[in-house]
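Summary of structural features
Listed below are the residues making up each chain.
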Number of protein chains: 2
Amino acid sequence: MNISIIGAGNVAVHLGAALQHAGHRIIQVYSRTADHANVLALKLNAQAISNLIDLDKNAEFYIIALKDDAIAEIAGLLRLPGKIVVHTSGSVSMQSLETVSERLGVFYPLQTFSKQRDIDFKNIPIFLEASDESVYEILESLAESISGQVFEADSGRRKILHIAAVFASNFSNHMYHLAEDYLSKYNLPFDILKPLILETSMKAVENRPSEVQTGPAVRRDQSILEEHLHMLSEDPDLAHLYKEISKSIQAKKA
Amino acid sequence: MNISIIGAGNVAVHLGAALQHAGHRIIQVYSRTADHANVLALKLNAQAISNLIDLDKNAEFYIIALKDDAIAEIAGLLRLPGKIVVHTSGSVSMQSLETVSERLGVFYPLQTFSKQRDIDFKNIPIFLEASDESVYEILESLAESISGQVFEADSGRRKILHIAAVFASNFSNHMYHLAEDYLSKYNLPFDILKPLILETSMKAVENRPSEVQTGPAVRRDQSILEEHLHMLSEDPDLAHLYKEISKSIQAKKA
């Protein structure tokens, strides 16, 4: 399939590489920032463009891999009647693309992407939505060419997945961040938490998070909880979160 | 070194195996529950006891690997003058053992242990405290026989480490748990979050959590935050945590 990618951020980079690896041809990469377009286009053996006027109308498939608020903006500028046009966002409705084409879809990979790390798409769940059955079949075959975990999800379901992902990823990362900052206040290196962080995540996915919780809150060890809150009293925001999350842990066990 | 282990829970199991593997001899395993003592003693080729009267006074080293509140309790029952006696807790003071012996220590591995998973001790940080320099040297040589990450930490420092571990491990696991329960409310399987959870933790340890945060809160995407809070309005506790943690993410970025 001939594909054009609108965007050159983390999703575009990793999705583009996976699609190319699966044998698809990426013909163009667009980014407002010419440098970004050039870097990704070079990788994908595609043409870089930084002006939408140069968009080749001969691709079969256009993937808008942009930040949420940029999707509506770019949709206002694109007219691609007859072409399949998808975005990759968990939160934006498919209808936000309806001025671009009548053959629409969403191609939402549930993963966090970063420049620093390569990603194996094979196990990444991809959630699809399409404007009609014929578009869905094409999306599905594209998704199945890179992942073994392909599911249908309309906007409502995608939003549920996105909220779950915020808790599982953004909020767990914030817990690491709070620990990092707390240690650094006492000149202790973040490194000493790394084995614990990795083991905690592996334990959770090999079992169920609900079954493997440990620590003072779930043990209802009131004296430790009070001591920790006392030690955190210089940092009211941290103490507040410690209290609220401990309460939430205990509520689950009630 | 001849070692006796008081306790047969997760710490005792994993620490006992690592010490035996490093060439130390575990001579006895005590647990109030005879079955637990038997199972671990069999693994470690040691004698199982479930009555402290049977404790062999010829070991050189006694490791109390019990839950926090059981340490003081057992300390009240043990008299081992001249022997080295340590506990493995992040939160209990070394002094809680002072009626047991005058040669005391703490041997605190910063990790979460579970029955279901084997653990490689080599990279686990072990934090030591000792009643005097000669005991410290023995503790250090024991710790270094199983781990390449051995540090000194007094009670105050150990409590700081423990608080950081609560955030990095217990609280991140609770974020997974909240996501698990939220998905299950909509009949969505926890499995679809597994690649995201693993990638989030690997990304954090290969970089710094403070540098790799993503999601609507750090992007200050107010419309998504409001939509998520609206979707969570049926579940006030979840909405409350969503709000508080998002606020905390934004405060770090302020």
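Our structure is the block above this text.
Computed from a prediction, not measured in an experiment: that's the story for all the values here. (Residues numbered from 1 in each chain as written. Chains lettered and ligands numbered in written order. Predicted model: local features only at pLDDT ≥ 70, side-chain atom pairs only at ≥ 80, totals over all residues. Heavy atoms only, no water.)

**Side note on the side chain of A:Asn207**
Tracing the sequence through the fold places A:Asn207 in the loop between α6 (194–206) and α7 (216–219). A distance of 2.8 Å separates the side chain of A:Asn207 from the backbone oxygen of A:Lys203, its partner in a polar contact. Setting aside chain neighbours within four positions, we find A:Asn207 in contact with A:Val212, B:Gln116 and B:Phe190. (Helix = DSSP H or I, 4+ residues; strand = E, 2+ residues; numbered from the N terminus. Polar contact = N/O pair within 3.5 Å; in protein donor to acceptor, adjacent residues only side chain to side chain. Contact = heavy atoms within 4.5 Å.)

**Thoughts on the pattern of salt bridges**
Under the defined criterion, the tally for this structure stands at 23 salt bridges over all chains. Residue A:Arg117 pairs with B:Glu199 through a salt bridge whose shortest N-O separation is 2.8 Å. Of this pair, A:Arg117 sits in the loop between β6 (103–109) and β7 (126–130) while B:Glu199 sits in helix α6 (residues 194–206), placing the two residues on different chains. The exposure class assigned to B:Glu199 is buried, which follows from its relative accessible area of 5%. Between B:Glu227 and A:Lys159 there is a salt bridge, with the nearest N and O atoms lying 3.3 Å from each other. Of the two residues, B:Glu227 sits in helix α7 (residues 222–231) while A:Lys159 sits in helix α5 (residues 155–185), which places them in two different chains. For B:Glu227, a relative accessible area of 26% puts it in the partly exposed group. A relative accessible area of 18% places A:Lys159 in the buried class. (Salt bridge = Lys/Arg side-chain N within 4 Å of Asp/Glu carboxyl O. Buried < 20%, exposed > 50% of the residue type's maximum accessible area, 1.4 Å probe, protein only.)

**What to know about the relation of the copies chain B and chain A**
Between chain B and chain A, the superposition needs a rotation of 180 degrees and an axial shift of 0.0 Å, giving an RMSD of 0.0 Å. Here the symmetry operator amounts to a two-fold rotation axis. Residues of chain B ranked by C-alpha distance from the rotation axis are headed by B:Ser172, positioned 2.2 Å from it. Looking at chain B, 100% of its interface residues are interface residues in chain A too, so the copies touch through the same face. (Least-squares fit on C-alpha atoms with pLDDT ≥ 70 in both.)

**Here's the deal with the sheet that holds strand β7 (residues 126–130) of chain B**
Through backbone hydrogen bonds, the strands of a sheet pair up, either in parallel or in antiparallel fashion. All names here are of chain B. Within the open sheet, the eight strands sit side by side as β3-β2-β1-β4-β5-β6-β7-β8. Their pairing is mixed. Pairing within the sheet leaves two strands with one partner each, and these edge strands are β3 (47–49) and β8 (150–152). Within the sheet, the average angular offset between the axes of one strand and its neighbour, ignoring direction, is 25 degrees. One ladder, built from three bridges, connects β7 with β8; its direction is parallel. Looking across to β8, one finds that Ile 126 is bridged to Val 150. Seen against the sheet, helix α2 (residues 34–44) touches β1 (2–6), β2 (25–30) and β3 and runs at an angle of roughly 175 degrees to β2. (Pairing = 2+ DSSP bridges. Axes fitted to C-alpha atoms, helices over the stretch in contact; angles between N-to-C directions.)

**A closer look at the packing of α6(A) against α6(B)**
Packing of α6(A) against α6(B) brings their axes to within 9 Å, and their N-to-C directions diverge by 175 degrees. Between α6(A) and α6(B), the crossing angle belongs to the class labelled roughly antiparallel. Across the interface between the two elements, A:Lys194, A:Ile197, A:Leu198, A:Ser201, A:Met202 and A:Val205 from α6(A) touch B:Lys194, B:Ile197, B:Leu198, B:Ser201, B:Met202 and B:Val205 from α6(B). (Parallel < 35°, antiparallel > 145°, perpendicular 65-115°, else oblique.)

**Section: a negative patch on the surface**
All names here are of chain A. Where like charges cluster on the molecular surface, the negative patch consists of Glu 102, Asp 132, Glu 133, Glu 137, Glu 152 and Asp 154. Inspection of the secondary structure puts Glu 133 in helix α4 (residues 133–144). With a relative accessible area of 54%, Glu 133 lands in the exposed category. (Patch = residues over 30% accessible without salt bridge, like charges linked within 9 Å, V, L, I, M, F, W, Y side chains within 5 Å. Areas by Shrake-Rupley, 256 points an atom, 1.4 Å probe, with all protein chains shown as cover. Lys, Arg positive; Asp, Glu negative; His and termini not counted. Charge placed at Lys NZ, Arg CZ, Asp CG, Glu CD.)

**What about the sheet that holds strand β8 (residues 150–152) of chain A?**
All names here are of chain A. The strand order across the open sheet formed by eight strands is β3-β2-β1-β4-β5-β6-β7-β8, and the pairing between neighbours is mixed. Edge strands, defined here as strands with exactly one partner in the open sheet, are β3 (47–49) and β8. Between one strand axis and the next, the sheet turns through 25 degrees on average, direction left out of account.

**Topic: the interface of chain B and chain A**
If you look at the interface, chain B gives 87 residues, while chain A gives 87 residues. In this assembly, chain B packs against chain A so that about 8,800 Å² is buried in total across both faces, 67% of it on carbon and sulfur atoms. When the buried area of chain B at its contact with chain A is split by residue, B:Arg117, B:Ile163 and B:Phe167 rank highest and sum to 8% of it. Inspection of the region where chain B meets chain A yields 12 salt bridges. One can count 36 residue pairs in polar contact (both at pLDDT 80 or more) joining chain B with chain A. Among the elements that make up the side of chain B that touches chain A, the one with the highest residue count is helix α5 (residues 155–185) of chain B (27 residues). Of the residues assigned to the side of chain B that touches chain A, the class counts are 44 nonpolar, 26 polar and 17 charged. (Buried area = accessible area lost by both parts, 1.4 Å probe. Nonpolar A, V, L, I, M, F, W, Y, C, P; charged D, E, K, R; others polar.)

**Focus: the packing of aromatic side chains**
All names here are of chain A. For the structure on display, the rule yields 14 aromatic pairs over all chains. Between the aromatic rings of Phe 167 and Phe 171, the centroid separation amounts to 4.9 Å while the plane-to-plane angle is 75 degrees, which identifies the pairing as edge-to-face. Placement of the pair is Phe 167 and Phe 171 together in helix α5, with a separation of four residues, close to one helical turn. Take Phe 167 and Phe 171: they sit in the same class, and that class is buried. Clustering of aromatic rings is evident, with ring pairs tying together Tyr 108, Phe 127 and Phe 151. (Phe/Tyr/Trp six-rings, centres within 6.5 Å; stacked < 30°, edge-to-face > 60°.)

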